[in-house]
Amino acid sequence: MNQETQALHVGYEKNDFGTMSVPIYQTTAYDFETAEKAANLFALKELGPIYTRLNNPTTDIFETRMASVENGEAALANASGHSAILFSIINLASAGDNIIVSNKVYGGTTSLTTHTLKRFGITCKNFDSSNPEDLEDLIDENSKVILFESLSNPQIAIPNVEKIVQIAQKYNIVTICDNTVATPILFQPLNHGIDVAVHSTSKYINGQGTAIGGALIQRKDLNDKLIGNKRYPEFNEPDESYHGLIYAELPFPIYILRARLSLMRDFGAAPSPFNSWLNIQGLETLHVRMREHSRNTYKVAKFLKSHPKVKSVSYPGLEDDPQYHLVEKYFKDNMSSGLMNFEVEDFEYAKSILNSTKIFAVATNIGDSKSIITHPASTTHSQVPMDELKEAGVNPGSIRLSVGLENADDLIEDLKSALG
Ligand SMILES: *Cc1c(COP(=O)(O)O)cnc(C)c1O
């Protein structure tokens with residue numbers, strides 16, 4: 001079955017009413033009816049809903065579809081993209097361990113990995129995902145994770161996937177790819193040998209900016225990498241918190257199972273069934289929207305490139321962009337998603353453009369069907385010193401767009417009058 005069909009049908013058996021839309025099971029608990037059934041569920045002899053912090057029938061369908069469109073084995077939905085990233089890491093790393101993270105990732109991921117996790121004894125080393133030459137030197141016996149983004153937010157950088165996967169294979173270390181911006185429509189990390197895909201579903205998957213959510217998905221043969229691997233004792237030694245259960249001995253996708261049984265149980269970042277339902281709605285049209293986001297962004301980028309007051313434009317989907325060969329290599333039909341950056345002369349002029357647009361909203365989000373414009377130097381990056389700004393590729397005149405699904409001509413007209 002192809003991705004488009006999977007996104008619409010997988011995981012849902014219609015009920016007695018033949019309900020076309022997936023029902024929202026807005027419930028906290030489930031009546032097991034017998035003590036035996038309850039005991040079997042808790043002992044994993046039988047699988048089924050126990051309590052909505054652990055699983056829920058609506059969320060299950062969303063998870064099955066996410067696993068399906070990513071061509072993975074199993075998925076776990078989370079209350080937010082951030083908790084999904086946190087879970088993806090701490091499912092493998094504990095105090096005393098280190099993680100290796102790309103220097104081109106979402107700002108929130110940087111604060112989590114370099115500052116907050118350090119307080120819990122997990123240290124972070126950084127590498128350049130575009131040129132991962134030094135990655136090998138960073139790996140030691142306590143390294144548990146290599147984390148990067150397939151199309152990074154906000155730098156819009158595309159990694160050297162082969163090189164990263166090749167080094168990770170050599171050291172038997174798990175790779176995690178945040179696929180939020182590319183989405184499984186443009187790029188399927190697991191098909192390239194990456195072990196875990198992680199998402200903020202708040203963005204393109206939801207598509208309309210109506211629910212915060214996240215998901216992690218494991219590759220089909222990831223069990224083989226974890227079982228017997230000395231790097232990952234938590235999967236191979238008895239889990240005292242679960243009557244000495246050894247994950248490696250179970251006939252299930254153990255990375256996702258452990259994230260659910262241990263992390264979701266103890267940290268509790270469960271999505272609401274209603275938000276899972278909203279994300280199911282979004283996933284159904286993701287393939288159509290990604291094509292349109294990419295097409296619109298291409299047109300807007302072309303226009304800005306031709307404008308005399310625009311100093312530079314960065315959109316990997318443009319044929320003359322330095323990363324275009326990577327779009328051709330990795331992304332379906334040369335689609336390049338809806339994020340782009342451009343630069344104008346100075347700080348004040350950039351701000352005046354934000355104040356003059358009528359269709360573009362001044363908001364901090366991406367992947368919405370409605371277009372968004374941001375000025376990092378006065379908002380998201382206003383606390384960052386000037387030299388670090390330059391390093392992050394942010395200039396006083398840098399403007400970011402998340403191009404939505406309006407008619408591209410209207411968006412171009414809006415920008416044209418705002419540029420003056
Ligand atoms: C937004 C975003 C996140 C965080 O997700 P939330 O759903 O906002 O918690 C993580 N990674 C990327 C690439 C993002 O764009």
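Cut-off values and rules
- Per chain, residues are indexed from 1 in the order of the written sequence.
- Whole-chain, interface and lining totals are the exception, using all residues; otherwise, since this is a predicted model, local features are given only for residues with pLDDT of at least 70 and side-chain atom pairs are given and counted only at 80 or more.
- Only hydrogens and water are set aside when side-chain values are computed; all heavy atoms of the structure are taken into account.
- One heavy atom within 4 Å of a molecule or strand makes the whole residue count as near it.
- Throughout this description, a polar contact denotes any pair of N or O atoms lying within 3.5 Å of each other; where both atoms belong to protein, one of them has to be capable of donating a hydrogen while the other can accept it, and for residues adjacent in sequence the pair is counted only when both atoms sit in side chains.
- Only the protein chains shown count as cover for residues, with accessible areas throughout obtained via the Shrake-Rupley method and a probe of 1.4 Å.
- Note on conventions: DSSP H or I runs of at least 4 residues are helices, E runs of at least 2 residues are strands, and numbering of each starts at the N terminus.
- The pairing criterion for strands is at least two bridges between them, as found by DSSP.
- Take the buried residues of types Ala, Val, Leu, Ile, Met, Phe, Trp, Tyr and Cys, join any two whose side-chain atoms come within 4.5 Å, and each joined set is a nonpolar core.
- Buried, partly exposed and exposed residues are distinguished by accessible area as a fraction of the type maximum, computed with a 1.4 Å probe on protein chains only: under 20%, between the cut-offs, and over 50%, respectively.
- Throughout, a residue-residue contact means that at least one pair of heavy atoms, one from each residue, lies within 4.5 Å.
- Between Lys or Arg on one side and Asp or Glu on the other, a salt bridge is scored when a side-chain nitrogen of the former is within 4 Å of a carboxyl oxygen of the latter.
- Residue ranges for the domains originate in an automatic or database domain assignment.
- Buried area, as used here, totals the accessible surface that two parts lose on assembly, with accessibility defined by a 1.4 Å probe and the loss added over both.
- Here the nonpolar group is Ala, Val, Leu, Ile, Met, Phe, Trp, Tyr, Cys and Pro; Asp, Glu, Lys and Arg are the charged ones; every other residue, Gly included, is treated as polar.

Lining the immediate surroundings of the ligand are 14 residues, of which His82, Asp178, Ser200, Ser202 and Lys203 lie closest. Between an oxygen atom of the ligand and a main-chain N or O atom of glycine 81, the distance comes to 2.9 Å. Between the ligand and serine 202, the relevant distance is 2.6 Å, taken from an oxygen atom to a side-chain nitrogen or oxygen of the residue. For the ligand, whose accessible area on its own is 380 Å², the fraction buried by protein is 94%. If you tally residues by element for the shell around the ligand, the top one is helix H4 (residues 81-90), at three residues.

Pairing is mixed across the open sheet formed by five strands, whose spatial order is E8-E9-E12-E11-E10. The strands lining the two open edges of the sheet, one partner per strand, are strand E8 (312-314) and strand E10 (361-362). Two elements, strand E11 (residues 372-374) and strand E12 (residues 398-402), share three bridges in a ladder whose sense is antiparallel. For isoleucine 372, the partnering residue across the bridge sits in E12 and is serine 402.

Of all hydrophobic cores here, the largest spans 91 residues; its most connected members are Ile146 and Tyr255. Of the residues forming this core, the biggest block, eight residues, is contributed by helix H11 (residues 254-267). Discounting residues that sit within four places of it in the chain, isoleucine 146 has contacts with Ile100, Phe127, Leu135, Ile139, Ile164, Ala168, Ile173, Val174, Thr175 and Ile176. The next biggest cluster of nonpolar side chains, apart from the first, holds 25 residues, and it includes Met340, Val344, Ile399 and Ala418.

With respect to the helices and strands, the residue alanine 84 is situated in helix H4. For alanine 84, a relative accessible area of 0% translates into the label buried. The spacing of alanine 84 and alanine 259 is 175 residues in sequence and 9.7 Å in space, taken between C-alpha atoms. Contact partners of alanine 84, with chain neighbours within four places excluded, come to Asn78, Val198, His199, Gly214, Ala215 and Leu216.

A separate point is the pattern of salt bridges. Applying the stated criterion to the full structure yields 16 salt bridges. The residue lysine 225 makes a salt bridge to aspartate 195 at a minimum N-O spacing of 2.7 Å. With lysine 225 in helix H9 (residues 222-226) and aspartate 195 in the loop between helix H8 (183-186) and strand E6 (196-200), the pair connects residues that are 30 residues apart, well separated along the chain. Each member of the pair, lysine 225 as well as aspartate 195, carries the same accessibility label: buried.

Before going further, it helps to spend a moment on the pairing of E6. Of all the five residues making up E6, five are buried; the element is thus mostly covered by neighbouring parts of the structure. Here three bridges tie strand E5 (residues 174-178) to E6, and the two strands are oriented parallel to one another. When the sheet's bridge partners are listed, aspartate 178 is paired in E6 with valine 198. As paired elements, E6 and strand E7 (residues 214-218) share five bridges and run antiparallel to each other. Within E7, the residue paired with valine 196 across the bridge is glutamine 218.

Here the residue pair asparagine 153 and proline 154 is connected by a cis peptide bond, since its omega of 15° sits within 30 degrees of zero. Among the structural elements, proline 154 can be located in the loop between strand E4 (143-149) and helix H7 (161-171). Positive phi, normally seen in glycine, also occurs at asparagine 172, with a value near 55°. Its identity as a non-glycine residue notwithstanding, aspartate 333 has a phi of 50°, on the positive side. Position of aspartate 333 among the secondary structure elements: in the loop between helix H13 (324-330) and strand E9 (339-343). When its relative accessible area of 52% is taken as the criterion, aspartate 333 is described as exposed.

Turning next to the domain arrangement of the protein chain. The domain boundaries assigned to the protein chain delineate domain 1 (3-281) and domain 2 (286-419). The gap between the C-alpha centroids of domain 1 and domain 2 is 29 Å. Every contact between the two is made by 29 residues of domain 1 and, on the other side, 30 residues of domain 2. Carbon and sulfur atoms make up 63% of the area that domain 1 and domain 2 hide from each other, which totals about 2,600 Å². The largest contributions to the domain 1 side of the interface with domain 2 come from Ile156, Leu186 and Tyr204, which together make up 30% of the buried area. The tally of links from domain 1 across to domain 2 stands at two salt bridges. The closest approach of N and O atoms between glutamate 162 and lysine 329, which form a salt bridge, is 3.1 Å. Linking domain 1 to domain 2 there are 12 residue pairs in polar contact (both at pLDDT 80 or more). Secondary structure elements with two or more residues in the side of domain 1 that touches domain 2: helix H1 (3-9), H7 and H8. In terms of residue class, the side of domain 1 that touches domain 2 is made up of 15 nonpolar, 11 polar and three charged.

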